[in-house]
Amino acid sequence: MSFARIVGTGSYLPEKVVTNSDLEATLDTSDEWIRDRTGIERRHVAAKGQGSSDMAVEAAKRAIEAAGLTANEIDLIVVATTTPDKIFPSTACIVQRKLGIAECAAYDIQAVCSGFIYALDAADRYIRTDGGKTVLVVGTETMSRIVNWNDRGTAVLFGDGAGAVVLQASERAGLIATHMHADGSMEELLHVPQGISLGFDATCSDGAFIEMNGNAVFKRAVGVLGAAARETLDGHGIDRKDLDWLIPHQANMRIIKAAAKKLGLPMERVVVTVDEHANTSAASIPLALDIAVRDGRIKSGELVLLEAFGAGFTWGTALFRY
Ligand code: ACO
């Protein structure tokens, strides 16, 4: 056994769609401003009572089916989420129960928008050191619960959804490299300033909401994504020409275009789905991956680079042959 390989993908978007025009009714914004600055056209919003675990289960079922497996063949579930159902137990354990899996290991990873890359890294190491195992990795988010719908600076940017992959050991090339980074020195540029250990203060009686310095996040994201892509490709002797697809975190179109430009990749080789679902944090990369696999863009054997950036700050890449 040499590689952890993705053998199935799946995704799920909630039924309810909120368009930019819908937001015009409640916010001082416009469809034109949102499209122009972000490329976002609509976002999906989870129904009342629909949790991150519910969306994760739908995406997971599709990934398990695509892999030709049954849920009981899963040995480990890793769920990347910023918006868990409960403080505890982990969303991964809730997903395990809802999938009807009698026995397996399960845990959550919290690295915000980079969570899926961090989770893939964990799955890769698990499979390579404990061969023969099957791992379900899910990114799932109900960002709508931590968005202040009265703040036009953030409300237009986020959405809900889930994406999943199943990985197994393989002699055929799969995951080639993962790289993870974090820099906690700028936490206040992008955060939800409430929590368990410090307490929820009186100012958040309606909820705990995302606060962001958009310009600073934009500059930092573009800078580190360029460096991270170079680190991965140069470190493994891969020419940019040999890369078939780039799947960046679907935060907004301007970050995606800037990241592609830094890599010298034409936009035809970049998977873009942010128009359809906005920024779904840890779910955005597996959502985009599944959409591009199912519509036939990504084919067996092609070389794909994933790159993510998120609060923390955290960022990272994963390079694999599909
Ligand atoms: N509709 C209309 N006007 C708006 C809106 C809105 N939704 N939001 C802000 N504005 C206004 C501002 O108030 C400002 O008005 P002013 O000039 O009168 O003061 C004007 O538009 C320009 O504001 P900026 O913040 O400078 O707009 P900018 O061009 O930087 O675009 C954006 C904002 C889209 C958030 C950009 O900074 C960005 O892409 N940042 C990256 C942040 C991001 O994607 N974060 C997601 C989480 S992190 C991650 O996932 C990577």
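Residues numbered from 1 in each chain as written. Predicted model: local features only at pLDDT ≥ 70, side-chain atom pairs only at ≥ 80, totals over all residues. Heavy atoms only, no water.

A. Quick peek at the site of the ligand. Around the ligand sit 23 residues, and of these T29, R37, N215, H249 and N252 come closest. One of the side-chain nitrogen or oxygen atoms of R254 is found 3.0 Å away from an oxygen atom of the ligand. About the coverage of the ligand: the protein hides 73% of its 1,000 Å² of free accessible area. At the level of elements, α2 (31-38), α6 (152-155), α7 (214-235) and α8 (253-263) are the ones that each hand at least two residues to the shell around the ligand. No other element matches α7, which puts four residues into the shell around the ligand. Classifying every residue of the shell around the ligand by side-chain character gives 11 nonpolar, eight polar and four charged. Residue assignment places the shell around the ligand across two domains, with domain 1 (3-172) and domain 2 (176-321) each supplying three or more. (Near = heavy atom within 4 Å. Polar contact = N/O pair within 3.5 Å; in protein donor to acceptor, adjacent residues only side chain to side chain. Areas by Shrake-Rupley, 256 points an atom, 1.4 Å probe, with all protein chains shown as cover. Helix = DSSP H or I, 4+ residues; strand = E, 2+ residues; numbered from the N terminus. Nonpolar A, V, L, I, M, F, W, Y, C, P; charged D, E, K, R; others polar. Domains from an automatic or database assignment.)

B. Representation of the domain arrangement of the chain in the model. Looking at the assigned domains, one finds that the chain contains domain 1 (3-172) and domain 2 (176-321). In this structure, domain 1 and domain 2 have C-alpha centres spaced 14 Å apart. Taken residue by residue, the interface counts 51 residues in domain 1 and 47 residues in domain 2. Broken down residue by residue, the surface that domain 1 buries against domain 2 is led by C113, I117 and Y118, which jointly contribute 17%. Here domain 1 and domain 2 share one salt bridge between them. One salt bridge in this structure joins E276 and R42, with 2.6 Å as the shortest N-O distance. At the junction of domain 1 with domain 2, the criterion picks out 22 residue pairs in polar contact (both at pLDDT 80 or more). Secondary structure elements with two or more residues in the side of domain 1 that touches domain 2: β1 (3-12), α2, β3 (42-45), α3 (52-66), α5 (115-129), β6 (134-142), α6 and β7 (160-170). Element by element, the count of residues in the side of domain 1 that touches domain 2 is highest for α5, at seven residues. Of the residues contributing to the side of domain 1 that touches domain 2, the split by class is 22 nonpolar, 17 polar and 12 charged. (Contact = heavy atoms within 4.5 Å. Buried area = accessible area lost by both parts, 1.4 Å probe. Salt bridge = Lys/Arg side-chain N within 4 Å of Asp/Glu carboxyl O.)

C. Spotlight on the packing of aromatic side chains. Following the criterion strictly, the structure yields two aromatic pairs and no others. Pairing F309 with F313 gives two aromatic rings, centres 4.9 Å apart and planes at 35°, and the pair type is tilted. Using a relative accessible area of 5% as the deciding quantity, one classes F309 as buried. Taking relative accessible area as the criterion, F313 reaches 0% and is therefore assigned buried. Between F309 and W315, the ring centres sit 6.4 Å apart and the planes meet at 35°, which makes this aromatic pair tilted. Here a set of aromatic residues connected by ring pairs shows up, and it is made of F309, F313 and W315. Sitting above the plane of the F218 ring, R254 keeps its charged end 5.7 Å from the centroid. (Phe/Tyr/Trp six-rings, centres within 6.5 Å; stacked < 30°, edge-to-face > 60°. Buried < 20%, exposed > 50% of the residue type's maximum accessible area, 1.4 Å probe, protein only. Lys NZ or Arg CZ within 6 Å of the ring centre and 35° of its normal.)

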